[in-house]
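Analysis of the macromolecular model
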Amino acid sequence: MKPSTRRRLFRAVLYVIFLVAVAALVIVADWETIATNFLDLGVAAEQFPTIITTAAKNVVIYTFIAFVGGLILGLTLALMKLSPVAPYRWVATAYIETFRGLPALLVIFGFAYAVPIAFTEWNPPGGSTGAGLIALIVVSAAYIAETIRAGIEAVPKGQVEAARSLGMRPSWTMISVVLPQAFRIITPPMTNELVIIIKDTSLLFIAGMALGDRELTTFARDAVSQHANSTPLVMAALLYLVITLPLTRLVARLERHNQRSR
Amino acid sequence: MSEYINRKDVPAIAVQDLHKYFGKNEVLKGIDFHVNQGEVVCVVGPSGSGKSTLLRCVNRLEEPTSGTIVVEGVDITDREIDLDRVRTKIGIVFQQFNLFPHLNVLKNLTLAQQRAKKRSKTEAADIARKNLAKVGLAGREESFPNQLSGGQQQRVAIARALSMDPDMMLFDEPTSALDPELVGDVLDVMRTLANEGMTMMVVTHEMGFAREVGDRLVFMDGGVVVEQGKPKEILAAPQHERTQGFLSKVL
Ligand SMILES: Nc1ncnc2c1ncn2[C@@H]1O[C@H](COP(=O)(O)OP(=O)(O)O)[C@@H](O)[C@H]1O
Ligand SMILES: [Mg+2]
């Protein structure tokens, strides 16, 4: 058999396997059960508008708080890790290694329940949800710090030398020359961080939430048990995609734009 | 002495018994070197002989291991010195240009003026435009570095250094990264600067430039100054064996 014939035959076999698998699914699947359990329009209608005005809105708000907080704390940690002062480096390294090594769920639980028991004066804004958000900031900062540090180190040494030899102080060199270039370099991994934070807001349920504080996953869980029907889960899934997909698209655009001036 | 005073009666650069180690590797082995004010000194020598290290020590981009470096009468190895202030007096042009890629040409030229010299935005822009015109790039303010040829980028880098009103300019192989057809424009700018009386230290492999423009030629090899003198004389009749060997390869 000629190699080209063999290749074509192989591809034909792959198509056949695919079609058989799809056909089997269609035949075996119980479409009626699926439709009533996951796509019940009556149950779906009942979720509006709260699933948008409360649950989805809260996802966006929590993500914003955790990302901005994580960015500020992460930048501080990254600069500490690159500091000439050794104790700063130790503290930053210990922090980063600790919180990257712990499950986010455990940290949220700790901030919401363990810390209030230990420190009675600990009284974060937003109650237990607020405590959970602080935990999200603390965890995301560890990852963001490593990303920013890698970005700073990826800026060529000649850039710092040029700025310093023009008489610019280290702080101005960092702010005006190094960080703008570092943030361009790390746009893709930072998007990943953002998407991870969006998804991690679903872990906040462990903090225990007031009704108005619920985000999508908690809201959907409650609705599922209330209606004994999984449609709210499908809706939550779609809404997560509605939030994350434009974001990844937008960042892809920004990246192309940055490429031009790099 | 920690106050920086611009004196015209002393050498621009005076280096004495400069040693520099990278780890155990002694790269500069007791350099005595000076540049008088208004003088153009070309430094030549084989790759790895320590030319860049010497140049970079002059504004402490590299920390000297021992020895003294006196810039316009001020010992810059003094811990108390305001190094940033000294650096604004010393313009440096690098082989790889090192323009800021995220800023357009105008911002490349105004950034340090505003940050280090505390000039107003309009004053900085005026000075930037004047220097861009000087290097033959008037009208390119809005371009980004990656939209320019290597020769244009290097001329922007020269204009950027000039915008700080330096007393001297240090060039580290400014044309070595350029395509041959772009070398001439950069050398022309440097020649103009020299004719205007700028104090210059030029590490270069362009022997033609050294002969025409240089007031003095310094030949380095193995971390020491082997020979120095008038460029025409050295290039025509090198005294030292190592100089002869080097020149026979590059000429
Ligand atoms: N940052 C550095 N760390 C270690 N060694 C270095 C460093 N910079 C330069 N050197 C070494 O110092 C020697 C002289 O380098 P350099 O001054 O760049 O020479 P030149 O400019 O004459 O080619 C070389 O052997 C080089 O490998
Ligand atoms: Mg060199």
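None of the values given here were measured: they were computed from a predicted structure.

Right, let's get into the site of ligand 1. All names here are of chain B. Taken together, F22, V27, P46, S47, G48, S49, G50, K51, S52 and T53 make up the full set of residues near ligand 1. The contact in question runs from an oxygen atom of ligand 1 to an N or O atom on the backbone of S49, over 3.2 Å. Measuring from an oxygen atom of ligand 1, one finds a side-chain N or O atom of T53 at 2.5 Å. Compared with its free state, where it exposes 560 Å², ligand 1 has 59% of that area covered by protein. With three residues, the single largest contributor to the shell around ligand 1 is helix 1 (residues 51–57). For the shell around ligand 1, the per-class residue count stands at three nonpolar, six polar and one charged.

What follows concerns the interface of chain B and chain A. Contacts between the two partners involve 24 residues from chain B, matched on the other side by 21 residues from chain A. Carbon and sulfur atoms supply 58% of the area that chain B and chain A bury against each other, a total of about 2000 Å² over both sides. If you look at where chain B meets chain A, you find two salt bridges. Linking E161 of chain A and R56 of chain B is a salt bridge whose minimum nitrogen-to-oxygen distance equals 2.7 Å. Those elements that provide at least two residues to the side of chain B that touches chain A are helix 2 (83–88), strand 6 (90–93), helix 3 (105–116) and helix 5 (150–162) of chain B. Counting residues per element, the side of chain B that touches chain A draws most heavily on helix 3 of chain B, at four residues. For the side of chain B that touches chain A, the residue count by class is 13 nonpolar, five polar and six charged.

Moving on to unusual backbone geometry. Between F48 of chain A and P49 of chain A the backbone carries a cis peptide bond, its omega angle lying at -5°. Within the secondary structure layout, P49 of chain A lies in the loop between helix 3 (41–47) and helix 4 (50–81). Within the chain, D17 of chain B stands out as a residue other than glycine whose phi angle is a positive 50°. Mapped onto the secondary structure, D17 of chain B falls in strand 1 (residues 13–22). D17 of chain B sits in the partly exposed class, given a relative accessible area of 44%. Even without being glycine, E72 of chain B reaches a positive phi, approximately 50°. Tracing the sequence through the fold places E72 of chain B in the loop between strand 4 (66–71) and strand 5 (74–75).

Every buried residue belonging to helix 3 of chain B is among V105, L106, N108, L109, T110, L111, A112 and Q113 of chain B, and all of these are buried. In this structure, the buried side of helix 3 of chain B is in contact with helix 9 (170–185) of chain A together with helix 4 (121–134) and helix 5 of chain B. Looking at the residues trailing helix 3 of chain B, positive phi occurs at K118 of chain B, about 55°.

All names here are of chain A. Within the element layout of this structure, T218 appears in helix 11 (residues 216–227). A polar contact is formed between the side chain of T218 and the side chain of E215, at a distance of 2.2 Å. In this structure T218 touches F205 and M209, once residues within four positions along its chain are discounted.

Looking now at the nonpolar core. All names here are of chain B. If you look at the biggest cluster of nonpolar residues, it comprises 46 residues, and the most contacted ones within it are I158, M169, F171, M190, L193, M200 and F209. Tallying contributions element by element places helix 6 (residues 180–195) first for this core, with eight residues. Excluding anything up to four places from it in sequence, F209 contacts C42, L187, M190, R191, M200, V202 and G214. Counting residues in hydrophobic clusters, the runner-up holds 42 residues, among them F33, V41, L55 and V203.

All names here are of chain B. Taken together, the six strands give an open sheet; going across it, the order is 6-7-8-3-9-10, and neighbouring strands pair in mixed fashion. If you trace the sheet from one side to the other, it starts and ends with strand 6 and strand 10 (224–229), each paired once. Averaged over all pairs of adjacent strands, the angle between strand axes in this sheet comes to 15°, irrespective of strand direction. The sheet contact formed by strand 6 and strand 7 (residues 168–172) spans four bridges and is parallel. Counterpart to I92 in the pairing with strand 7 is L170.

Bringing the environment of I206 of chain A into the picture now. Residues and elements named next belong to chain A. Residue placement: I206 occurs in the loop between helix 10 (187–200) and helix 11. Taking the relative accessible area as the measure of exposure, I206 reaches 24% and is therefore partly exposed. When the C-alpha positions of I206 and G132 are compared, they lie 8.3 Å apart, and in sequence the two are 74 residues distant.

With that out of the way, let us pick up the packing of aromatic side chains. Taken as a whole and judged by the stated rule, the model has four aromatic pairs over all chains. Relative to Y113 of chain A, the ring of F109 of chain A lies with its centre 5.1 Å away and its plane at 45°, an arrangement referred to as tilted. One end of the pair, F109 of chain A, and the other, Y113 of chain A, are both in helix 6 (residues 104–118), four residues apart, so they sit about a helical turn from each other. When the ring centre of W172 of chain A is taken as origin, the NZ or CZ atom of R115 of chain B, which lies over that ring, is 4.0 Å away. If you follow R160 of chain B out to its NZ or CZ, it ends over the ring of F100 of chain B, 4.5 Å from the centre.

To continue, consider the confidence of the model for chain B. The predicted coordinates of low-pLDDT regions are not to be read in fine detail. With 97% of its residues at a pLDDT of 70 or more, chain B shows a mean pLDDT of 95. With pTM at 0.90, the complex prediction returns an ipTM value of 0.94.

About the thresholds
- Residues numbered from 1 in each chain as written.
- Chains lettered and ligands numbered in written order.
- Predicted model: local features only at pLDDT ≥ 70, side-chain atom pairs only at ≥ 80, totals over all residues.
- Heavy atoms only, no water.
- Near = heavy atom within 4 Å.
- Polar contact = N/O pair within 3.5 Å; in protein donor to acceptor, adjacent residues only side chain to side chain.
- Areas by Shrake-Rupley, 256 points an atom, 1.4 Å probe, with all protein chains shown as cover.
- Helix = DSSP H or I, 4+ residues; strand = E, 2+ residues; numbered from the N terminus.
- Nonpolar A, V, L, I, M, F, W, Y, C, P; charged D, E, K, R; others polar.
- Contact = heavy atoms within 4.5 Å.
- Buried area = accessible area lost by both parts, 1.4 Å probe.
- Salt bridge = Lys/Arg side-chain N within 4 Å of Asp/Glu carboxyl O.
- Buried < 20%, exposed > 50% of the residue type's maximum accessible area, 1.4 Å probe, protein only.
- Core = buried A, V, L, I, M, F, W, Y, C linked by side-chain atoms within 4.5 Å.
- Pairing = 2+ DSSP bridges.
- Axes fitted to C-alpha atoms, helices over the stretch in contact; angles between N-to-C directions.
- Phe/Tyr/Trp six-rings, centres within 6.5 Å; stacked < 30°, edge-to-face > 60°.
- Lys NZ or Arg CZ within 6 Å of the ring centre and 35° of its normal.
- pLDDT = per-residue confidence, 0-100.

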